[in-house]
2 protein chains.
Amino acid sequence: MKLTILGCHSATPRWDANPTSQILEVKGHLFLIDCAEGTQVQLRRFKVKFSRVKHIFISHLHGDHFFGLVGLISTFRLLGREADLHIYGPKGIKDAVLLQLKLGKSYTNYKLFFHELESKEPQLLFEDDKVSVTTIPLDHRIYTNGFLFQEKLGERKLDVEKARSLNVEMSYYNKIKKGADAPTKDGGLVLNSLITLDPDPAKSYAYCSDTAYYPRIITQITNVTALYHESTFLQKDQALAVKTKHSTAQEAAQIAVAAKVGQLILGHYSGRYGNYNLFKEEANQYFENVTLAQDGKVIDIN
Amino acid sequence: MKLTILGCHSATPRWDANPTSQILEVKGHLFLIDCAEGTQVQLRRFKVKFSRVKHIFISHLHGDHFFGLVGLISTFRLLGREADLHIYGPKGIKDAVLLQLKLGKSYTNYKLFFHELESKEPQLLFEDDKVSVTTIPLDHRIYTNGFLFQEKLGERKLDVEKARSLNVEMSYYNKIKKGADAPTKDGGLVLNSLITLDPDPAKSYAYCSDTAYYPRIITQITNVTALYHESTFLQKDQALAVKTKHSTAQEAAQIAVAAKVGQLILGHYSGRYGNYNLFKEEANQYFENVTLAQDGKVIDIN
């Protein structure tokens, strides 16, 4: 899994700082998560091959998470896109996009599917043989979901050299990768574990923005490889966080500890602090493996 | 009049090139003309004091002219704006903006007035004692207006030294500036022209984008100080211009010649050419005073 931060700030786009958007590359997919104004420019700036994006996940309908969506959809049309595009987001997102396209008589010449969300329970949005995406219901001023991206455990890795040396039938290789024991050319049987290695561990990424401190999510995100949790404020401004239904860096770290995640990524910073290291320092008092989201940063999730 | 180009390109925003938006400063007003995605960032980048913008004119509802509007309106709210804001644009613009604000429960805390346009005849949109703004109906794929910004002729300039030396009554100064002859303290009368100078000539700016070659506008823009006329294509691609209802640089220049304008500003370039000087060279074959719009360029209109 490779996460590219396209924008890590809250509120408004600035010359040197974009609001929230991320690209997650996982098992051949390029998932776009949130799409603030300017996201398409960030995609170009950081040289993401964004024609490969087929699924866009929008957490909620505040501008700093979705005002760039209609522009990206239009740009796909201008670039001659033919592949289907799936948009997952709160109810109303379809009307907002289609009304604007209609006013400009700018209908897409590719298929655009909207998957509108209303449920307050986790909901499976996408699944294939390698990965699944599920909503993480959050607690914000308007209806908001985070997203849980989970790899599925791959096949066992065949040690071809060893299989050959033990005279294993080649026609059985695919079954062996799925866990079967291995018939040999001379009529014997080799234990699967002798000629295969465990698959790479399945990784997972939980994206949680925007949200108040909301311990209800802990069960769902326990043991994820990496958690992005918004930290709009520092703890000294917790009253503001409560009022606006955002979180502090300390609260994000407390969620990370309780959920035993591998790595905590912070972001959605308020512009009032100037120094992002303050967020890391605060979170580090509770949780060690903290990474600061920054525009353009690429984070390996392992 | 001072014109700041915030974006001069057609179609899609890119890392180093923004679609159409301009700021016209005239007689204390800061008028925003069109508002592509990224306009608010350009306003910050070029250090425009954009809280002073009270009137926004949107030519048409293609994304490269209006997808930045809702974001700017939201940012004004986050910055604590209190002043009224007036939006002038095609019918439908109000629904598009308000639907998005409503979905985010992000209503403005300042007064937002929409002036929706449908007329195919020139229409006075704004007028005070110093300036007026009128639509210029254009010919594009969807309903589109240009805008004509006209200064009003100011008062005559009083030569105070000379008025004093001729013993003119100070209490008459205001009337003299309006053209009255001047009573003197000893009961005489001085001709107005002896103690006043002509006011600065009234300047005017015609913004015409997007449009096919459309000679019908010539009457309305005759003798303007400066004409911005879109030139999406070069003449060798005139067939494309006809098909998409855009203009070539040659056509823009021919309009400038026929309307006897003082200065022609070109913009809304297609990305296919790479070298913007080609637009100037083509237009210069017909009209001498040609300026290329470029992001960040400030143009004095005199």
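Residues numbered from 1 in each chain as written. Chains lettered and ligands numbered in written order. Predicted model: local features only at pLDDT ≥ 70, side-chain atom pairs only at ≥ 80, totals over all residues. Heavy atoms only, no water.

### Considering the UniProt feature "binding site: Zn(2+) 2" (unreviewed entry) in chain A
All names here are of chain A.
Inference 1: Under the local residue numbering, the UniProt record ascribes the feature "binding site: Zn(2+) 2" (unreviewed entry) to Asp-64, His-65, Asp-210 and His-268. Look at the named residues: they lie 205 residues apart in sequence, but the longest C-alpha span between them is just 10.4 Å, so in the fold they bunch up. Among the residues just listed, Asp-64, Asp-210 and His-268 line the second largest pocket.
Inference 2: Classification of Asp-64 by relative accessible area gives buried; the value is 11%.
Inference 3: Those residues in contact with Asp-64 that lie beyond four places of it in its chain are Ser-10, Ala-11, Pro-19, Thr-20, Ala-36 and His-268.
Inference 4: In this structure the side chain of Asp-64 is engaged in a polar contact, spanning 3.1 Å, whose partner is the backbone nitrogen of Ala-11.
Inference 5: For Asp-210, the position within the fold is in the loop between strand E14 (204–208) and helix H8 (218–221).
Inference 6: Classification of Asp-210 by relative accessible area gives buried; the value is 1%.
Inference 7: A polar atom in the side chain of Asp-210 sits 2.9 Å from the side chain of His-65. (UniProt positions renumbered as here; feature names shortened; annotations may be inferred. 1 Å grid on protein atoms, 1.4 Å probe; cavity = no way out; pocket = protein on both sides within 12 Å on 5 of 7 lines; lining within 4 Å. Buried < 20%, exposed > 50% of the residue type's maximum accessible area, 1.4 Å probe, protein only. Contact = heavy atoms within 4.5 Å. Polar contact = N/O pair within 3.5 Å; in protein donor to acceptor, adjacent residues only side chain to side chain. Helix = DSSP H or I, 4+ residues; strand = E, 2+ residues; numbered from the N terminus.)

### Re the domain arrangement of chain A
Inference 1: The domain boundaries assigned to chain A delineate domain 1 (2–154 + 200–300) and domain 2 (157–197).
Inference 2: The straight-line distance from the C-alpha centre of domain 1 of chain A to that of domain 2 of chain A is 43 Å. (Domains from an automatic or database assignment.)

### Brief notes about the packing of aromatic side chains
How two aromatic rings sit relative to each other is given by the distance of their centres and the angle of their planes.
All names here are of chain A.
Inference 1: Under the counting rule described, the total for this entry stands at 28 aromatic pairs over all chains.
Inference 2: Ring centres of Phe-66 and Phe-67 lie 5.5 Å apart, and the angle between their planes is 50 degrees; on these two criteria the pair is classed as tilted. The same class applies to Phe-66 as to Phe-67, namely buried.
Inference 3: On the numbers, 5.3 Å between centres and 85 degrees between planes, the contact of Tyr-273 with Phe-279 is edge-to-face.
Inference 4: Here Tyr-273 falls in the buried class, since its relative accessible area comes to 13%.
Inference 5: Each member of the aromatic cluster is reached from another via a ring pair, and the members are Phe-31, Phe-57, Tyr-88, Phe-126, Phe-147, Phe-149 and Tyr-205. (Phe/Tyr/Trp six-rings, centres within 6.5 Å; stacked < 30°, edge-to-face > 60°.)

### Considerations on the pattern of salt bridges
Residue and element names in this part refer to chain A.
Inference 1: Under the counting rule described, the total for this entry stands at 22 salt bridges over all chains.
Inference 2: One salt bridge in this structure joins Lys-152 and Glu-127, with 2.8 Å as the shortest N-O distance. Of the two residues, Lys-152 is situated in the loop between strand E9 (145–151) and strand E10 (157–158) and Glu-127 in strand E7 (residues 124–127); the sequence distance between them amounts to 25 residues.
Inference 3: Taking the relative accessible area as the measure of exposure, Lys-152 reaches 28% and is therefore partly exposed.
Inference 4: Residue Glu-127 is classed as partly exposed on the basis of its relative accessible area of 47%.
Inference 5: Through salt bridges that share partners, Lys-2, Glu-25 and Arg-52 make up one connected network. (Salt bridge = Lys/Arg side-chain N within 4 Å of Asp/Glu carboxyl O.)

### Comments concerning the environment of Val41(A)
Inference 1: Here Val41(A) is to be found in helix H1 (residues 39–45).
Inference 2: According to the relative accessible area criterion, Val41(A) is buried, its value standing at 13%.
Inference 3: Among residues more than four places away in sequence, those in contact with Val41(A) are Pro13(B), Arg14(B) and Trp15(B).

### Quick notes on the layout of surface pockets
Rolled over the atoms, a probe sized like a water molecule indicates the empty space that remains.
Inference 1: Size it by volume and the largest pocket reaches roughly 870 Å³.
Inference 2: As for the largest pocket, its lining consists of 38 residues, and the residues nearest its centre are Arg77(A), Leu78(A), Ser10(B), Ala11(B) and Arg141(B).
Inference 3: Where the lining of the largest pocket is concerned, the elements lending two or more residues are H1 and helix H3 (69–78) of chain A together with helix H2 (63–66) and helix H9 (238–244) of chain B.
Inference 4: Ranked by residues supplied to the lining of the largest pocket, first place goes to H3(A) with five residues.
Inference 5: Split by residue class, the lining of the largest pocket holds 10 nonpolar, 18 polar and 10 charged.
Inference 6: Taken as a whole, the second largest pocket encloses approximately 670 Å³ of empty space.
Inference 7: Those elements giving two or more residues to the lining of the second largest pocket turn out to be helix H2 (63–66) and helix H9 (238–244) of chain A together with helix H1 (39–45) and helix H3 (69–78) of chain B.
Inference 8: At five residues, H3(B) tops the list of elements feeding residues into the lining of the second largest pocket. (Points joined across faces, edges and corners; volume = space filled by probe spheres on them. Nonpolar A, V, L, I, M, F, W, Y, C, P; charged D, E, K, R; others polar.)

### Points about the sheet that holds strand E8 (residues 131–137) of chain A
Residues and elements named next belong to chain A.
Inference 1: Strand order across the open sheet formed by seven strands is E7-E8-E9-E14-E15-E16-E17, with mixed pairing between neighbours. At either end of the open sheet lies a strand with only one pairing partner, and these are E7 and strand E17 (290–292). When the angles between neighbouring strand axes are averaged without regard to direction, this sheet yields 15 degrees.
Inference 2: The pairing of E9 with E14 spans four bridges and is antiparallel. Its bridge partner lying in E14, Leu-148 is registered against Ala-206.
Inference 3: Lying over the sheet, helix H11 (residues 277–284) contacts strand E16 (263–267) and E17, oriented at roughly 165 degrees with respect to E17. (Pairing = 2+ DSSP bridges. Axes fitted to C-alpha atoms, helices over the stretch in contact; angles between N-to-C directions.)

### Some remarks on the interface of chain A and chain B
Inference 1: Contacts between chain A and chain B engage 34 residues on the former and 34 residues on the latter.
Inference 2: Together, the buried faces of chain A and chain B total about 2900 Å²; carbon and sulfur atoms form 68% of this surface.
Inference 3: Linking chain A with chain B are 11 residue pairs in polar contact (both at pLDDT 80 or more), by the criterion used here.
Inference 4: Elements with a minimum of two residues in the side of chain A that touches chain B: H1, H3 and helix H4 (93–103) of chain A.
Inference 5: Of the residues in the side of chain A that touches chain B, the class split is 13 nonpolar, 13 polar and eight charged. (Buried area = accessible area lost by both parts, 1.4 Å probe.)

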